[in-house]
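# Topology and contacts: notes
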Amino acid sequence: DTLLRAEQIQLACNAWALWNGNYELKELDISDARILLRQDERGQWNTDVWDFSDADSTAKTASITIEQLRLQSVALTLGSMSCQIEDAAVQLAESDSAFTVAGSGKLTAFSSPEFNTQSAITWAGNGSWNMDKKTVAVSLSEVQWMGSNASISGNDDQGEWTFVGEVSRLDLPA
């Protein structure tokens, strides 16, 4: 499975630091793309593309940081969920056991087994994934959809999601 297929990718980094294993990217812009994130039957993600081990030692530790990731016209698929990202700007950091994200953006479509819409959704928020504990936390401080405003936070503790939210404005079509 192809992880990323894009018409345009722009990257800003310190090439010498990158060569020496310091995966800190200043900027990564991806346009007109398709991103497919999936887990195989062994539980291995297709994002696990680097091998940080060598024959003489146990696994080395590494981290990846992207100070500014910009997505424009990107179709994103994560398991049974998919969305069309018109524009998004996020900051990403990964370490041995955690992955964090913060940013904002606009989706023009969203589909999952639980919810589907073709109406635009704008959002701002952050999230984290603890890979050792298999827990996820997501907080969207701003969500605008079909004239409604809301905030929502959710936690996944090994497959059991809990959500708390607040709607500050709700417009229903007549």
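What you are looking at is a predicted structure, and each value in this text was computed from that prediction instead of being measured.

This part takes up the side chain of Thr77. You can see Thr77 is positioned in strand β3 (residues 64-78). A polar contact of 3.1 Å, which involves the side chain of Thr77, links it to the side chain of Arg34.

This part covers the pattern of salt bridges. Tallied over the entire structure, the rule returns five salt bridges. Among the salt bridges present, the one from Glu41 reaches Arg42, with a minimum N-O distance of 4.0 Å. The exposure classification of Glu41 matches that of Arg42, with both residues exposed. Through salt bridges that share partners, Asp40, Glu41 and Arg42 make up one connected network.

Next up on the list: the nonpolar core. Counting 20 residues, the largest nonpolar core has Ile30, Leu69, Leu71, Val74 and Ile85 as the members making the most contacts within it. Those elements that provide at least two residues to this core are β2 (23-37), β3, β4 (81-94) and β5 (98-111). Sorting elements by how many residues they give to this core places β4 first, with six residues. Ignoring anything within four residues of it in the chain, the contact list for Leu71 reads Ile30, Ile35, Ile85, Glu86, Asp87 and Ala88.

In summary, the side chains of a regular strand alternate between the two faces of the sheet. Looking at chain direction, strand β1 (residues 4-13) and β2 are connected through nine bridges and run antiparallel. The residue bridging Leu4 from the neighbouring strand is Ile35, located in β2. Taken together, the 13 bridges between β2 and β3 define a ladder with parallel strand orientation. Residue pairing across strands places Ile35 opposite Leu76, the latter belonging to β3.

The topology assignment puts Ala15 in helix α1 (residues 15-19). Judged by its relative accessible area of 53%, Ala15 is exposed. Ala15 sits 29 residues away from Gln44 along the chain, and the two C-alpha atoms are 29 Å apart.

Structurally, the position occupied by Gln158 is in the loop between β9 (148-157) and β10 (160-169). As a C-alpha pair, Gln158 and Asp48 span 110 residues in sequence and 20 Å in three-dimensional space. If near-sequence neighbours (up to four positions away) are discounted, Gln158 is found in contact with Lys133 and Lys134.

Reading the values: the criteria
The numbering scheme is per chain: residues are counted from 1 as the chain's sequence reads. Two thresholds apply to this predicted model, a pLDDT of at least 70 for residue-level local features and 80 or more for giving and counting side-chain atom pairs, whereas whole-chain, interface and lining totals are computed over all residues. Calculation of side-chain values draws on the structure's entire complement of heavy atoms; hydrogens and water are dropped beforehand. Numbering of helices and strands runs from the N terminus, with a helix taken as a DSSP run of H or I at least four residues long and a strand as a DSSP run of E at least two residues long. In protein, a polar contact requires one atom able to donate a hydrogen and another able to accept it; more generally it is a pair of N or O atoms within 3.5 Å, and residues adjacent in sequence count only if both atoms are side-chain atoms. Salt bridges, as used here, are contacts in which a Lys or Arg side-chain nitrogen is within 4 Å of a carboxyl oxygen on Asp or Glu. Relative accessible area decides the class of each residue, using a 1.4 Å probe on protein chains only: under 20% of the type maximum gives buried, over 50% gives exposed, and in between gives partly exposed. Put simply, a nonpolar core is a bunch of buried Ala, Val, Leu, Ile, Met, Phe, Trp, Tyr and Cys residues held in one set by side-chain atoms that sit within 4.5 Å of each other. Every residue pair with non-hydrogen atoms within 4.5 Å of one another is taken to be in contact. Strands qualify as paired when DSSP identifies two bridges or more between them.

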